[in-house]
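The primary structure of each chain is shown beneath.
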Amino acid sequence: MINKKKKLTFSLAFVLMLSTLLSACGGGNNNANNTAAETNTKTENVAATEAPGAVDTSKEVKLKMLMIGGQPADYDKVFAELNTKLKAKINATVEVEFLDWSDYSQKYPLKFAANEDFDIAYTANWAFYNDQALKGGFMELTDDMLSKYMPLTWEAMPKVSWEQAKVDGKLFMVPNNNVEVTDKVVLYREDLRKKYNLPEITNLETYGNYLKTVAKSEKGITAYGAKAADGWKWHELDQATLEQNNNWNLVDANLLPLAYDLDDTTGKIFNIYDTPEYKQLLTYYKDLADNGVWSKNVVSNKNDVWQDIKAGKVSSYAQNLGTVAANLAEMRRDKPEIELAIADITPDKKKIAAISTQNGMAIHATSKNAERSLMLIDLLQNDKEIHDLTMYGISGTNYIPQGDDKYTAGPNAAGYTGFSNWGWNSPLNRQDASYPVEADDMFNSWQSSIYHFPLETFVFNDTNVKNEVANIGNVMLRYAIPLEYGLIPDVDKGQADLIKQLKAAGIEKVQTELQTQVDAFLTTHK
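## Describing the sheet that holds strand 9 (residues 248–250)
Here is step 1 of the chain: Read from one edge of the open sheet, three strands run 9-10-11, paired in antiparallel fashion. Sheet topology places strand 9 and strand 11 (270–271) at the edges, where each strand pairs with a single neighbour.
Here is step 2 of the chain: When strand 10 (residues 258–261) meets strand 11, the two strands line up antiparallel, connected through two bridges. In the sheet register, leucine 258 faces strand 11, and the bridge partner there is asparagine 271.
Here is step 3 of the chain: Along the sheet, helix 11 (residues 236–246) contacts strand 9 and strand 10; its crossing angle with strand 9, the most-contacted strand, is approximately 125°.

## Some details on the packing of aromatic side chains
Here is step 1 of the chain: All chains considered together, the criterion is met by 30 aromatic pairs.
Here is step 2 of the chain: Summarising the aromatic geometry, the rings of tryptophan 154 and tryptophan 162 are spaced 5.8 Å apart at their centres and angled 40° between planes, so their arrangement reads as tilted.
Here is step 3 of the chain: Judged by relative accessible area, tryptophan 162 falls into the buried class, the value being 6%.
Here is step 4 of the chain: When the ring of tyrosine 273 is compared with that of tyrosine 278, the centres are 4.8 Å apart and the planes differ by 55°; the resulting orientation is tilted. Exposure class is identical for tyrosine 273 and tyrosine 278. Each is buried.
Here is step 5 of the chain: In this structure an aromatic cluster arises from ring pairing among Tyr108, Phe112, Phe118, Phe128, Tyr129 and Phe138.
Here is step 6 of the chain: When the ring centre of tyrosine 451 is taken as origin, the NZ or CZ atom of lysine 350, which lies over that ring, is 5.0 Å away.

Conventions and cut-offs
Residues numbered from 1 in each chain as written. Predicted model: local features only at pLDDT ≥ 70, side-chain atom pairs only at ≥ 80, totals over all residues. Heavy atoms only, no water. Pairing = 2+ DSSP bridges. Helix = DSSP H or I, 4+ residues; strand = E, 2+ residues; numbered from the N terminus. Contact = heavy atoms within 4.5 Å. Axes fitted to C-alpha atoms, helices over the stretch in contact; angles between N-to-C directions. Phe/Tyr/Trp six-rings, centres within 6.5 Å; stacked < 30°, edge-to-face > 60°. Buried < 20%, exposed > 50% of the residue type's maximum accessible area, 1.4 Å probe, protein only. Lys NZ or Arg CZ within 6 Å of the ring centre and 35° of its normal.

Shown next as structure tokens:
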């Protein structure tokens, strides 16, 4: 993740004073069929039953947290140290359950459907935030709760970030406090580009040329690390080749092929699959597939693409700039003989800043420990000691601090990595001292031209079309994935079949509902 560091200083004495002055309340317990309305009532009761002035933290609380990603090898060591500090600060400890990247999209919603016992969950606009907020899976957070139980976050968080995180006017997330651009770039083998005297990668054409050359000439190396084994979602290359390249924005990055043009102030919604631009992209992808750019087993591939690149098995992939830059720094540290580089294949297109819900933490609607959970998140974002520990691991082992805002990898850097601790990104984030200068320069150039648009904070409420949305997702999984990865011989027929199946699934009803909500949003946000 890209993080522009701001120097903030928080007094530890202030934190200790607050945790002494605040006094605890019970959180209630809704059943598994709890509705959004019941959740809101519960939230109001939490705030209303607390005596003004403060919370009793004399009773130790054990918090349970749900995170996305694999469990780090040094989790036990890091969180044992964290719990010692939390016990002293807020008389609480925390235990984490990790949902692996390979199957989190299936397991995450099941945790809520079964009303399992946990207090805090990582969430994001790409990881079920809107869905669970509307279903009543998350607790509504009021201004009183935030200012009382997490005063440091309340003070540091820009007001616009809270506004961006609201769903139907209500807040269900503590968003990260971080500047990030969501556009995707590609990481590729610069040594192979030079080896074959290929032109610099600056657009889709030069990137396609590079991929086909590697596929043809390098035995044992897959040119592009494609995978579709974790269920339907728009893959990262789609964002660059389809959204960014056409200045479009998808309404829902996970479920729907419905989008709008960034320059269209009327917010007209259209089906991406039924456009000439998509047909052109399918031709581009089919050419890549026919030239062996990715594995024919792409639909069942579960490999970690970055580890395959690091092992020399894959030459390129697409991802956000922060992740790609971290990969580049890691390769330069561990395998300097392999030369990687970063390319923006849509350099002249609009750049969009991530809204605050790109990463965040939410409270489970049935948590009995809402107040202590908020106090924990407050420390994760704003207590320097705790933030460093949970973001980077144990000092001297997993990382080595360099001043207040940078770090270098420790002797066991790999022991603490790979999960969604971005949920508490904040101005206290450190930057890897080996962070590539070219990535920093690219980010800074984007920062000066970030594009803001009327529907930037629009959130679709699919309550009236839930069955149709589910049906559409199934159609995309069955028809769109093989089509995009060039596994359908006849592209025209494949596209026609996809559109036909989407209509049968109810996409026109969803599009009408979405357009109605967009029109209403634009009317009230002039």
